[in-house]
Amino acid sequence: MEYTQLGRTGLKVSRLVLGTMNFGPQTDEATSHAIMDTALDAGLNFFDTANVYGWGENKGRTEEIVGSWFAKGDGRRDRTVIATKVYGNMGADGEAWPNHDKLSALNIRRAVEGSLKRLGTDYIDLYQFHHVDRATPFEEIWQAVDVLIQQGKILYAGSSNFPGYKIAQANEIAARRGSVGLVSEQCLYNLFERRAEMEVIPAAQEYGLGVIPWSPLHGGLLGGVLKKEAEGKRRTEGRAAATLADPESRVRLQAYEDLLDKHGLAPGEVGLAWLLTRPGVTGPIVGPRTPEQLAGALRALEVELGEEVLASLDEIFPGPGPSPEAFAW
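Residues numbered from 1 in each chain as written. Predicted model: local features only at pLDDT ≥ 70, side-chain atom pairs only at ≥ 80, totals over all residues. Heavy atoms only, no water.

A. Region of interest: the overall build of the chain. Each helix and strand counted, the chain has 13 helices and 10 strands in total. Against the 2.2 N^0.38 benchmark of 20 Å for 329 residues, the chain shows a C-alpha radius of gyration of 20 Å, consistent with a compact globule. Dimensions of the chain, computed from C-alpha atoms along their principal axes, come out at roughly 55 × 55 × 40 Å. The 329 residues of the chain split such that 52% are buried. Counting contacts in the chain only where the partners sit at least 6 residues apart, residues at least 24 apart contribute 78% of the total. (Helix = DSSP H or I, 4+ residues; strand = E, 2+ residues; numbered from the N terminus. Rg over C-alpha atoms; globule rule 2.2 N^0.38 Å. Buried < 20%, exposed > 50% of the residue type's maximum accessible area, 1.4 Å probe, protein only. Contact = heavy atoms within 4.5 Å.)

What follows is the structure in structure tokens.
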């Protein structure tokens, strides 16, 4: 396993991040524990979750599963860098209540206590804002975060789904306060979806944030979806189905699969390996539902992409280009 620093911090994390969103809704507790054991045995030490995972009536269930795994002991907690998130309303569906969501100082205080209890730990390594809160000023957010850091309840703060200007705004205000500010940004980024390259990733690099891509295979579309579809092994739905309904997208995906077939490469492994070559990327989040899927993700760490393959991938999935040249002179 390779390790890198998380942004400008001294924290060392694995180049792959274990996403836990499927734990509970898709994967039972015993299998979730087995996946986490396999990940840790492989040296993958960076786990990502969120207070709302479990969804619906089961919000918080995913954190509880991670917490019951920590409770098994044997150094599990000490060897794991745990990241969770705050923003979504934790009330049962249809029972949302004011001040039980977003990033007010009150909700941050309430939410962190809930996550600590469910995770069965006394501190969170990386506490992430799951979305921009346009109603709460960063002065208030950083005041709440600074208190939590002083109390030893969190170590670092990160963002998720932030535009570039909000990353800049957040860290400029943090700097004026003498606060640490954001140290990471978790964003949608993959071969198919490269808009983050225009401003989000440059902003993250400028302010010393590690970039943690989510949906690295774009909902499975970069995992050989056309071949699986032809073999009757996969049915797409939601955003993936809508993308496949677009003729141009199918042409690009077919070119992608043909290219990798020519070079004897596995699509899912290449999708992850490509992200590992991108400037500013700490590590992509992989969200396995089974131990077998985790094993496939780990193989991506051994894939070396040559210049010819990288150039061909850029031709199939061109990025937006640098800002402002992408939209100006």
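B. Region of interest: the layout of surface pockets. Taken as a whole, the second largest pocket holds about 190 Å³ of empty space. For the second largest pocket, the full set of lining residues is Asn161, Phe162, Pro163, Glu185, Cys187, Leu188, Glu193, Arg195, Ala196, Val200 and Trp214. Per-element accounting of the lining of the second largest pocket gives the leading share, three residues, to strand S8 (residues 182–188). Its residues assigned to classes, the lining of the second largest pocket comprises seven nonpolar, one polar and three charged. (1 Å grid on protein atoms, 1.4 Å probe; cavity = no way out; pocket = protein on both sides within 12 Å on 5 of 7 lines; lining within 4 Å. Points joined across faces, edges and corners; volume = space filled by probe spheres on them. Nonpolar A, V, L, I, M, F, W, Y, C, P; charged D, E, K, R; others polar.)

C. Quick look at the side chain of glutamine 186. For glutamine 186, the position within the fold is in strand S8. A relative accessible area of 3% places glutamine 186 in the buried class. In terms of polar contacts, glutamine 186 uses its side chain to reach the side chain of aspartate 48, at 3.1 Å. The residues contacting glutamine 186, other than those within four sequence positions of it, are Asp48, Lys85, Gln128, Ser159, Ser160, Asn161, Ile212, Trp214 and Ile285. (Polar contact = N/O pair within 3.5 Å; in protein donor to acceptor, adjacent residues only side chain to side chain.)

D. Inspection of the pairing of S8 at higher detail. Burial analysis of S8 places seven of its seven residues in the buried class, which makes it a mostly covered element. Read as a crossover between parallel neighbours, the route from strand S7 (residues 154–160) over helix H6 (residues 164–177) to S8 is right-handed. As paired elements, S8 and strand S9 (residues 210–214) share five bridges and run parallel to each other. Bridge pairing in S9 links leucine 188 to tryptophan 214. (Right-handed = clockwise from strand over helix to strand, strands pointing away. Pairing = 2+ DSSP bridges.)

E. Focus on the nonpolar core. Residues Leu18, Phe129, Trp142, Leu253, Leu305 and Leu313 are the most contacted members of the largest nonpolar core, which totals 79 residues. Of all the elements, helix H5 (residues 138–150) adds the most residues to this core, at six residues. Counting 11 residues, the second-largest nonpolar core is a separate cluster that includes Val13, Val17, Val183 and Ile212. (Core = buried A, V, L, I, M, F, W, Y, C linked by side-chain atoms within 4.5 Å.)

F. Representation of the pattern of salt bridges. Applying the stated rule across the entire model yields 14 salt bridges. Put simply, glutamate 63 and arginine 118 hold a salt bridge, and the shortest N to O gap is 2.7 Å. Highlighted residues: glutamate 63 in helix H2 (residues 61–70) and arginine 118 in helix H4 (residues 105–119), separated in sequence by 55 residues. For glutamate 63, a relative accessible area of 0% corresponds to the buried category. (Salt bridge = Lys/Arg side-chain N within 4 Å of Asp/Glu carboxyl O.)

G. Main features of unusual backbone geometry. The residue after serine 323, namely proline 324, is reached through a cis peptide bond having omega 10 degrees. The residue proline 324 is located in the segment after helix H13 (307–316) in this model. Positive phi is not limited to glycine here, since lysine 102 has a value of about 65 degrees. Mapped onto the elements, lysine 102 comes out in the loop between strand S5 (81–86) and H4. Even without being glycine, histidine 218 reaches a positive phi, approximately 50 degrees. When you line up the elements, histidine 218 lands in the loop between S9 and helix H8 (225–230). We classify histidine 218 as buried; its relative accessible area is 8%.

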